[in-house]
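A structural walkthrough
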Amino acid sequence: MSHHGPTPSGAPFDWSVDLSAHEMLRRAHVMDALGADWDPVEALRGEEAAYALLYSGLSPEQQRIHDELVAAGVLPPRGDGHAAA
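**With respect to the overall build of the protein chain**
For the protein chain, the helix and strand inventory stands at 3 helices and 2 strands. For the protein chain, the sequential pattern of α-helices and β-strands runs β-β-α-α-α. Each of the 85 residues in the protein chain was classed as buried or not, and the buried ones make up 9%. Considering only contacts in the protein chain between residues 6 or more positions apart, those separated by 24 or more positions represent 27%. As presented, the protein chain carries roughly 6900 Å² of accessible surface, and 64% of it is formed by carbon and sulfur atoms.

As structure tokens, this is what we get:
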């Protein structure tokens, strides 16, 4: 982050804050919280299964709206572009 502006005497100054060390610490805490047995591939499979369940059993009107939202780019396309049956 950087800011340009006058000092109390009216002279310009530059300052910046480097947050990269804080970001590395934050990432280390996230990985620690996830644990050594966290499996990102399995987590993604679980998200896909949840998505399929969420959009399963839609009525024809709900399916039409879902398809419109996918076509508009609001929802991501899945499989053949239709909600799970």
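**Here's the deal with the packing of aromatic side chains**
Counted under the stated rule, the structure contains 1 aromatic pair. With centroids separated by 4.7 Å and ring planes inclined at 50°, the aromatic side chains of Tyr51 and Tyr55 adopt a geometry described as tilted. Here Tyr51 matches Tyr55 in class, with each residue buried.

**Examining the pattern of salt bridges**
For the structure on display, the rule yields 5 salt bridges. With a closest N to O distance of 2.7 Å, Arg26 and Glu23 form a salt bridge. Of the two residues, Arg26 and Glu23 are both situated in helix 1 (residues 20-34); the distance of 3 residues between them amounts to about one turn of the helix. The class for Arg26 is partly exposed, based on a relative accessible area of 40%. Given the relative accessible area of 25%, Glu23 is considered partly exposed. In this structure, a network of salt bridges that share partners links the residues Glu23, Arg26 and Arg27.

**Quick notes on the environment of Ala52**
You can see Ala52 is positioned in helix 2 (residues 40-54). By relative accessible area, which is 31% here, Ala52 ends up partly exposed. Separated by 26 residues in the primary sequence, Ala52 and Arg78 place their C-alpha atoms 8.8 Å from one another.

**Regarding helix 1**
Compared with an ideal rise of 1.5 Å per residue, which puts 15 residues at 21 Å, helix 1 spans 21 Å between its outermost C-alpha atoms and is within 8% of the ideal. Two residues or fewer after helix 1 comes Gly35, characterised by a positive phi angle close to 90°.

What counts and how
- Residues numbered from 1 in each chain as written.
- Predicted model: local features only at pLDDT ≥ 70, side-chain atom pairs only at ≥ 80, totals over all residues.
- Heavy atoms only, no water.
- Helix = DSSP H or I, 4+ residues; strand = E, 2+ residues; numbered from the N terminus.
- Buried < 20%, exposed > 50% of the residue type's maximum accessible area, 1.4 Å probe, protein only.
- Contact = heavy atoms within 4.5 Å.
- Areas by Shrake-Rupley, 256 points an atom, 1.4 Å probe, with all protein chains shown as cover.
- Phe/Tyr/Trp six-rings, centres within 6.5 Å; stacked < 30°, edge-to-face > 60°.
- Salt bridge = Lys/Arg side-chain N within 4 Å of Asp/Glu carboxyl O.
- Expected span 1.5 Å × (residues − 1).

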